[in-house]
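Residues per chain are reported as follows:
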Amino acid sequence: MCEAALDAIANNFRHIESIGSFSNAAGEWMMSEYDATKTVIAQELQVSPSTISLTENTTVGCNIALWAVDWQRGDRLLISDCEHPGIIAIAVQIQKRFGIEIDYFPLSNTCNAIAEDESSSEVVELIVQHLQPTTRMVMLSHICWNTGQVIPLKAIAKACHERHVFVAVDAAQSAGVLPLNLADSEVDFYAFTTHKWFCAPLGLGALYIRTEIFDDIEPVFVGWRGLTYKPPIPQWRHDGAKFEVASSTYALYGAMRIAIANANSWGNQQQRYERICHLSKTLWEKLNAMPHIDCIRQLPPESGLISFKVNREIAKSAIAQKSHALISKQLETENQILIRALADPDCLRASVHYLTSMADIDRLVSILETMN
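Not measured: the values here are computed from a predicted model.

**Q** Which parts of the structure should I look at to understand the pattern of salt bridges?
**A** Pairing between side chains of opposite charge can happen when the charged atoms of each approach one another. Applying the stated criterion across every chain, the model contains 13 salt bridges. Its salt-bridge partner being Glu244, residue Lys38 comes within 3.2 Å of it at the nearest N-O pair. Highlighted residues: Lys38 in helix 2 (residues 24-45) and Glu244 in the loop between strand 7 (205-209) and helix 8 (253-265), separated in sequence by 206 residues. Two residues, Arg163 and Glu162, come together in a salt bridge whose shortest N-O distance is 3.7 Å. What makes Arg163 partly exposed here is its relative accessible area of 39%.

Shown next, in the form of structure tokens:
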């Protein structure tokens, strides 16, 4: 986070306490923060503020999307084999509760298609092949958290809607990275956090819900923010608040807006995305040039996520004896370099931001060479 966002958090908490956290003045201030924050998020996604539900993180948004459907026994949910364990866990709980079936399509097989157009076409065809008459929803990531592959949302949404299938998106790794126009994408749900690529405070996220489906889905969590207070109660609001609950950490909202404004001061989203891809490609090329490192994707990156593994047959003893988890921990404790170790695929993942410098990239590569 930038210093201005950090300062705003403390100042906002002090302001709430100075006017009394349960006062009318505090309530009016909180609601003004709420409205302003929805407006800023909506501008980033090129949608109406009425389509936005404020959440705490991506997973809350994904829970809302998945549980909001009126599931019936025998319905089917289609997800990819590249989804985060949190998504798989939600799906399994819905299966236990409602007796639905979970289908998987092999998205990982498409991550090294020869060209972007080929990959996009293959992904859409795979999904269509795995749709069945009782499939109610497709759940997938816009950018795969483990490979960095970018998924063709608009083509997928079109194919699914022709078959009356909802499309829900885990956007943890895409919001703040890709230039977005969600209304044009036609997806039904788009859940994300703002603490990753937007560099906003932890504990803030949002969910976009396509207006056309509001009457087809029900609230998952219930609270005063979702009600109109017009008798008879409950009567739901017909906007994103329908899926919100009650009081939130309003003091963080201003910091989120400052963080997004700070990001935009570096250039528009397209410019920031181009810088991310340029830096990612540089790291990918340098990693590919190292004999003992294998990149998971054999194509230039489409995002800021670069996954790679140590080739233990080629690596010398120093690094060949270490698990990826141990390498990740060593890089953090000894070098203050933060990259993740993933279980599936078994690899390391670097996240290249537009704020990343060439010196950062060269330092990581140099240390990996030294470790060998």
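**Q** Sorry if this is basic, but what is going on with unusual backbone geometry here?
**A** What you tend to see is this: most non-glycine residues have negative phi, and most peptide bonds are trans. A cis geometry characterises the amide bond from Pro231 onward to Pro232, with omega recorded as -5 degrees. Relative to the helices and strands, Pro232 resides in the loop between strand 7 and helix 8. The residue after Asp344, namely Pro345, is reached through a cis peptide bond having omega 0 degrees. Assignment of secondary structure puts Pro345 in the loop between strand 10 (340-342) and strand 11 (347-351). The phi angle at Gln46 is positive, at roughly 60 degrees, despite the residue not being glycine. By relative accessible area, which is 49% here, Gln46 ends up partly exposed. The phi angle at His164 is positive, at roughly 60 degrees, despite the residue not being glycine. Residue placement: His164 occurs in the loop between helix 6 (153-161) and strand 5 (166-170).

**Q** It is not clear to me how the environment of Asn311 should be interpreted in this structure. Could you clarify?
**A** Looking at the secondary structure, you find Asn311 in the loop between strand 9 (305-310) and helix 10 (317-320). When its relative accessible area of 17% is taken as the criterion, Asn311 is described as buried. Along the backbone, Asn311 and Ile293 are 18 residues apart, and their C-alpha atoms lie at a distance of 5.6 Å. Setting aside residues up to four positions removed in sequence, Asn311 forms contacts with His292 and Asp294. Polar side-chain contacts of Asn311 include one of 3.1 Å to the side chain of Asp294.

**Q** Help me understand the state of the cysteines, please; the structure alone is not making it clear to me.
**A** Disulfide: a covalent bond connecting the sulfur atoms of a pair of cysteines. Scanning the entire structure with this criterion turns up zero disulfides. Cysteine Cys144 shares no disulfide, and the gap to the nearest cysteine sulfur, in Cys82, comes to 4.5 Å. Looking at the unpaired Cys295, the closest cysteine sulfur is the one in Cys347, lying at 10 Å.

**Q** What am I meant to see in the sheet that holds strand 1 (residues 52-55) here?
**A** Note on sheets: strands pair through backbone hydrogen bonds, and any given pair is parallel or antiparallel. The strand order across the open sheet formed by seven strands is 1-7-6-5-4-2-3, and the pairing between neighbours is mixed. In this open sheet, the two strands that pair with only one neighbour each are strand 1 and strand 3 (101-105). Within this sheet the neighbouring strands show an average axis-to-axis angle of 20 degrees, counted without direction. Where strand 5 and strand 6 (residues 189-193) come together, three bridges link them in parallel fashion. Residue pairing for strand 6: Val169 is matched across the bridge by Tyr190. Contacting strand 1, strand 6 and strand 7, helix 2 crosses the sheet at an angle of about 115 degrees to strand 1.

**Q** I tried to follow the sheet that holds strand 11 on my own but got confused; where do I start?
**A** Strands sit in the order 8-9-11-10 across an open sheet of four strands; the sheet is antiparallel. Two strands in the sheet have a free side with no partner beyond their single neighbour: strand 8 (293-295) and strand 10. Looking at each pair of strands side by side, their axes are set apart by 35 degrees on average, direction ignored. Judged from the three bridges that link them, strand 8 and strand 9 form a sheet pairing that is antiparallel. Each residue of the ladder has a partner; that of Cys295, found in strand 9, is Phe308. Of the strands in this sheet, strand 8, strand 9 and strand 11 touch helix 9 (residues 269-288), which is tilted by about 10 degrees from strand 9.

**Q** Even after reading the chapter, I still don't get the packing of helix 3 (residues 58-67) against helix 4 (residues 85-98), so can you show me in this structure?
**A** In a packed pair of helices, the relevant descriptors are the angle between the two axes and the axis-to-axis distance. Relative to each other, helix 3 and helix 4 sit at 30 degrees, their axes nearing to 10 Å. As judged from the angle between their axes, helix 3 and helix 4 are roughly parallel. As helix 3 runs across helix 4, the sense of the crossing is right-handed. Facing helix 3, whose interface residues are Thr59, Cys62, Asn63, Leu66 and Trp67, helix 4 presents Ile87, Ile90, Gln93, Ile94, Arg97 and Phe98. For the contact of helix 3 with helix 4, the per-class residue count stands at seven nonpolar, three polar and one charged.

Rules used in this analysis
- Residues numbered from 1 in each chain as written.
- Predicted model: local features only at pLDDT ≥ 70, side-chain atom pairs only at ≥ 80, totals over all residues.
- Heavy atoms only, no water.
- Salt bridge = Lys/Arg side-chain N within 4 Å of Asp/Glu carboxyl O.
- Helix = DSSP H or I, 4+ residues; strand = E, 2+ residues; numbered from the N terminus.
- Buried < 20%, exposed > 50% of the residue type's maximum accessible area, 1.4 Å probe, protein only.
- Contact = heavy atoms within 4.5 Å.
- Polar contact = N/O pair within 3.5 Å; in protein donor to acceptor, adjacent residues only side chain to side chain.
- Disulfide = S-S within 2.5 Å.
- Pairing = 2+ DSSP bridges.
- Axes fitted to C-alpha atoms, helices over the stretch in contact; angles between N-to-C directions.
- Parallel < 35°, antiparallel > 145°, perpendicular 65-115°, else oblique.
- Left-handed = near helix turned anticlockwise from the far one by under 90°.
- Nonpolar A, V, L, I, M, F, W, Y, C, P; charged D, E, K, R; others polar.

Keep in mind that these numbers describe shape and distance, not what the molecule does.
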